[in-house]
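Structural features, examined
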Amino acid sequence: YCLFALLSIYSNPEKRTFDSVAQLRIGMLCSLALLCISLVVVTGQLTTNTSKGEVYWWLGSYNAEYPPENTAFINSERKAITGVMHCCTGPSIVANGSLIPPNMSFYHELVASELKLGMSPVMIPISPNPTAVQSRVAFRAIPALVTMVVDLGIDGFVVDYEPHSNTTKEHLQDFVAFLTPFASALHKEHKKLGVCVSSWGILGPEYYPALATTNADLFLSMGSTYFNSPMDIVYITSMLMNFPRESIVVGIGSMVPSTTCSGVTDDYKWTSDAMNKFVSTLIGHNITKISIWRADIAALLYKQPHYCGVEPWTFPILEQFIQGTLV
């Protein structure tokens, strides 16, 4: 209760004032309790870094301009990338639960070089229509999706489902009813399911326990940890309390060197020192998987000739994380 109350206070500035001294004391006790939980659950098992890490980059899948750009990036920064999560155009599950026949030649082109370069995992996105999810017909597309991923030879799908309406417990249950058989069907073919989580709606911490029951292989945090924020540890703590440690992928937003690039999603407020310290903290918590959200992922949609770039200091941090040498 204290965790979700505190999250609510941070995410709703208008609710940050207390009506009485008694409420203030309760709020302070809640904060202290949360700190104690964090120490016990998270920092209570800090260890020396001996494990090698994995770094998955979110790379564009919007159109045919992206495959060569993605390949060029992987070739240039091979030591700082182990896997690829694609965003944000994938196969389409429509309202009646059917799958629009995908352009397989495009997807083969999208993943071919990544597979050749040994990226693992390589996953493409799926964002089912909310009507299909809430009417519980989205499962109809599962056989075709499994066939698709086997044909492509990739590791699986990452579900990027972000409904901003009817964010109710019932909607969550409908979502779980889609994810559970999806994970099961992929596992039968030795494939994986990733699920994006965050800080809000049916993707928020209140619903992490239910999402954990789906047997998905990866749970990837989005905006809840993309920013350099003191709230990062709160969301990471909640992930550790609910998801298997080996399934946790902590997302970090990249920093773009130039502010003149069109299509940058956000300023994630990282510096070299702050990111180094944050990644070191993850290592201490035995978290071995990171995903990097490219702030410039939509650049080519805005007619930029290339990705806008990533701050150069990012790569040595990630290389050391992969090698198990970051301190």
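Refer to the preceding data block for the structure.
Overview of the structure. The structure displayed is predicted, hence computed values, not measured ones. (Residues numbered from 1 in each chain as written. Predicted model: local features only at pLDDT ≥ 70, side-chain atom pairs only at ≥ 80, totals over all residues. Heavy atoms only, no water.)

Attention shifts here to helix H12 (residues 314–323). Along H12, the positions that sit buried rather than exposed are Thr314, Phe315, Ile317, Leu318, Phe321 and Ile322. Buried residues of H12, seen end-on, are gathered within an arc of 160° and therefore sit on one face of the element. Tucked into the core, H12 has its buried residues touching strand E1 (54–60), helix H3 (66–76), helix H11 (272–284) and strand E8 (289–293). Note on H12: the residue one or two positions beyond its end, Gly324, has a positive phi of about 80°. (Buried < 20%, exposed > 50% of the residue type's maximum accessible area, 1.4 Å probe, protein only. Helix = DSSP H or I, 4+ residues; strand = E, 2+ residues; numbered from the N terminus. Arc of directions from axis to C-beta. Contact = heavy atoms within 4.5 Å.)

Core analysis: the largest hydrophobic core is formed by 99 residues, its most contacted members being Trp57, Trp58, Phe157, Phe175, Phe182 and Leu193. When residues in this core are grouped by element, the largest group, 9 residues, is from helix H7 (residues 169–188). Sequence-distant contacts of Leu193, defined by excluding residues within four places in its chain, comprise Met123, Phe157, Val159, Leu179, Phe182, Ala183, Leu186, Ala216, Asp217 and Leu218. (Core = buried A, V, L, I, M, F, W, Y, C linked by side-chain atoms within 4.5 Å.)

Take the packing of helix H6 (residues 142–152) against H7 next. For the pair H6 and H7, interaxial distance at closest approach is 10 Å and the crossing angle is 40°. On the basis of their axis angle, the class for H6 and H7 is oblique. Of the two elements, H6 crosses H7, and the hand of that crossing is right-handed. Along the contact surface, H6 presents Ile142, Leu145, Val146 and Val149, while H7 presents Phe178, Pro181, Phe182, Ala185 and Leu186. (Axes fitted to C-alpha atoms, helices over the stretch in contact; angles between N-to-C directions. Parallel < 35°, antiparallel > 145°, perpendicular 65-115°, else oblique. Left-handed = near helix turned anticlockwise from the far one by under 90°.)

Its location among the elements puts Ala183 in helix H7. Judged by its relative accessible area of 1%, Ala183 is buried. Sequence separation between Ala183 and Gly156 is 27 residues, and the spatial gap between their C-alpha atoms is 9.6 Å. Those residues in contact with Ala183 that sit more than four places away from it in its chain are Leu193, Thr214, Asn215 and Ala216.

Time to look at the packing of aromatic side chains. Under the criterion given, the structure shown has 16 aromatic pairs. Judged by centre distance (6.2 Å) and plane angle (65°), the ring pair of Trp58 and Trp293 falls under edge-to-face. Of this pair, Trp58 sits in strand E1 while Trp293 sits in strand E8, and the two are 235 residues apart along the sequence. On the basis of an interplanar angle of 40° and a centroid distance of 5.1 Å, the ring pair of Trp270 and Phe278 is categorised as tilted. Classification of Trp270 by relative accessible area gives buried; the value is 4%. In this structure Phe278 comes out as buried when scored by relative accessible area, which is 11%. Linked through ring pairs, Trp58, Tyr226, Phe227, Tyr268 and Trp293 together constitute an aromatic cluster. Above the ring of Phe73, the side-chain terminus of Arg294 is found at 4.6 Å from the ring centroid. For Arg294, the ring lying beneath its charged end belongs to Tyr307, and the centroid distance is 3.9 Å. (Phe/Tyr/Trp six-rings, centres within 6.5 Å; stacked < 30°, edge-to-face > 60°. Lys NZ or Arg CZ within 6 Å of the ring centre and 35° of its normal.)

What follows concerns the packing of H3 against helix H4 (residues 104–116). At a minimum axis separation of 9 Å, H3 and H4 run at an interaxial angle of 10°. Taken together, the axis directions place H3 and H4 in an arrangement best described as roughly parallel. Judged by residue contacts, Pro67, Asn70, Thr71 and Ile74 of H3 engage Phe106, Glu109, Leu110, Ser113 and Glu114 from H4. For the contact of H3 with H4, a count of residues per class yields 4 nonpolar, 3 polar and 2 charged. (Nonpolar A, V, L, I, M, F, W, Y, C, P; charged D, E, K, R; others polar.)

This part takes up the environment of Thr131. Assignment of secondary structure puts Thr131 in helix H5 (residues 130–134). Note: C-alpha distance between Thr131 and Ala95 (36 residues apart in sequence) is 5.2 Å.

A separate point is the pattern of salt bridges. A side chain of one charge can pair with a side chain of the opposite charge when the charged atoms of the two come close. Under the definition given, this model contains 3 salt bridges. Across the pair Lys269 and Asp267 runs a salt bridge, and its minimum N-O distance is 3.4 Å. Classification of Asp267 by relative accessible area gives partly exposed; the value is 36%. For Asp296, the salt bridge is made with Arg294, and the minimal N-O distance between the two is 2.8 Å. Judged by its relative accessible area of 2%, Arg294 is buried. (Salt bridge = Lys/Arg side-chain N within 4 Å of Asp/Glu carboxyl O.)

Covalent bonding between the sulfur atoms of two cysteines is what defines a disulfide. As enumerated under the stated definition, the model contains 2 disulfides in all. Here Cys87 connects covalently by a disulfide to Cys88, the sulfurs 1.6 Å from one another. Because the sign of the S-S torsion sets the handedness, a value of about 80° for the bond joining Cys87 and Cys88 places this disulfide among the right-handed ones. A disulfide bridge connects Cys261 with Cys308, and the sulfur atoms are separated by 1.3 Å. Here Cys308 lies in the loop between E8 and H12 and Cys261 lies in the loop between strand E7 (248–253) and H11, a separation of 47 residues in the sequence. If the cysteines joined by disulfides in the protein chain are listed in sequence order, their pairing comes out as 1-2, 3-4. You can see Cys196 has no disulfide; the closest cysteine sulfur is in Cys87, sitting 7.6 Å from it. (Disulfide = S-S within 2.5 Å.)

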